[in-house]
Amino acid sequence: MPKLEQLQSTAEPEDVFELLQRDGAVVVENILEPEKLRQLNQELDNLIATTAPGLRHPAAERMVDFYGLSTVRIDGLPGKSETFVEVMASPLLCAAADHFLLPHCHDYIFNTGQLIQIGPGESPQRLHRDEDAWSFLKAPKHPLEVEAMFALTDFTIENGATQVVPGSHLWPPERQARPEEIVQAVMPAGSALMYLGSAIHGGGGNQTKAQHRRGMFLGYVVGWLRAEENSFLTVPIEKVRHMPVRIQELLGYKAHEAIGVVDVGSPMALLQRQP
Ligand SMILES: O=C(O)CCC(=O)C(=O)O
Ligand SMILES: [Fe+2]
C-alpha cells in the first residue's frame, strides 16, 4: 500500500525536499496558525456565499466536468484575500520552490491559486498532473511547478480529501494509476499537501450529505512560462475591447485550455463585459 508521509511544519526544509523528491507529495501539518486559518475562512466565506458551483465561462467544454459541477472555484485570490497574500510567502512552500525551480529559471512566478470547495455529492475529479497543462513540452523535463493544497476544513476520505499517487512524478507520462496506488490526503484543517506539478492527483469525491470540503491551493512555476511582452499591462483593456477578435486572441485573451484563465474560465468574457 503506498503511503503519503506526514510532517510537522517545524520539520527541516531538507526533510520536506527529500520526501517531495522521493514521493512527489507530502502532508505538512499545522502549516497555518489557527488565527490565520480563521481569518482565511472568514475572508473566503463572503466570496463563496456569492459564487455558484461550476464554471461560468469555460475556456473549453472538457474543463466543465474536470472542474466539477458541485464545486465552487474562485481565483484572483491575491486581490481578494489579504491573508492569501501572506500564505503566498509561506516559508516552506517558498523554500520548496527555491529548491526545485530555481535551478531551472532566474525566478519563479505565481501560477494560480484557487479556492476549491467540493460540495456534497461531487464525483471524484479525473486524476491528472497539473504540469500536463503544458503537455506540449515533451518529456524528459525538469520540474516546472511546485504547489500546496491547504486544508481549510478537515480533509476526510468521505468529504473529498485530495487523491494522490505517491511516486507517480517519476513515472513515464503514459502510465496510469491503479486503484491500489491511490491514497487520499486525509489531514486536519490548517495542514497542506505539498506536491510537485508532475505528481498524479485529483480532488476526491464528496460522499457526504452536507459537508463542504474547503481547500485552497496555490503554486509557483518557472518564470519563463509566459510570453515576452506583458500585453495585459502594455495594452489597455479598453482599447483591446474594440479590436478584432483574432487580435484579442493573439494578445492572450484566449485561454489555452487551463492556461491564461480568468475566473477559472475564458478571459474573452471579460472583454464583452463593460467595466
Ligand atoms: O480539489 C482538490 O483536491 C484537487 C484539485 C485539483 O487537483 C485541480 O483542480 O487541479
Ligand atoms: Fe490538480
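Everything discussed here concerns the structure shown above.
Source: prediction; values computed, not measured.

> Would you take a moment to explain the overall build of the protein chain for this structure?
A tally of helices and strands in the protein chain yields nine helices and 10 strands. For 275 residues, the compact-globule formula gives about 19 Å, and the C-alpha radius of gyration of the protein chain, at 18 Å, lands near that figure. With respect to the three principal axes, the spread of C-alpha positions in the protein chain is 55 × 45 × 35 Å. Counting across all 275 residues of the protein chain, residues that qualify as buried make up 39%. In the protein chain, 79% of the contacts between residues at least 6 apart in sequence involve partners at least 24 apart.

> Can you walk me through the site of ligand 1 in this structure?
Near ligand 1, the surroundings consist of I116, Q125, D130, M149, T162, H201, G202, G203 and G215. Of the residues assigned to the shell around ligand 1, the class counts are two nonpolar, six polar and one charged.

> How do you make sense of the sheet that holds strand β9 (residues 201–202) when you look at a structure like this?
Hydrogen bonds along the backbone pair up the strands of a sheet, which may run parallel or antiparallel. Here we have three strands laid out as an open sheet, ordered β7-β6-β9, and antiparallel in their pairing. Only two strands of the sheet have a single neighbouring strand rather than two, namely β7 (183–184) and β9. Across two bridges, the pairing between strand β6 (residues 163–164) and β9 is antiparallel. Looking at the pairing, V164 lines up with H201 of β9.

Parameters and conventions
Residues numbered from 1 in each chain as written. Chains lettered and ligands numbered in written order. Predicted model: local features only at pLDDT ≥ 70, side-chain atom pairs only at ≥ 80, totals over all residues. Helix = DSSP H or I, 4+ residues; strand = E, 2+ residues; numbered from the N terminus. Rg over C-alpha atoms; globule rule 2.2 N^0.38 Å. Buried ≥ 20, exposed ≤ 12 C-beta atoms within 10 Å, placed from the backbone. Contact = placed C-beta atoms within 7 Å. Near = placed C-beta within 6 Å. Nonpolar A, V, L, I, M, F, W, Y, C, P; charged D, E, K, R; others polar. Pairing = 2+ DSSP bridges.

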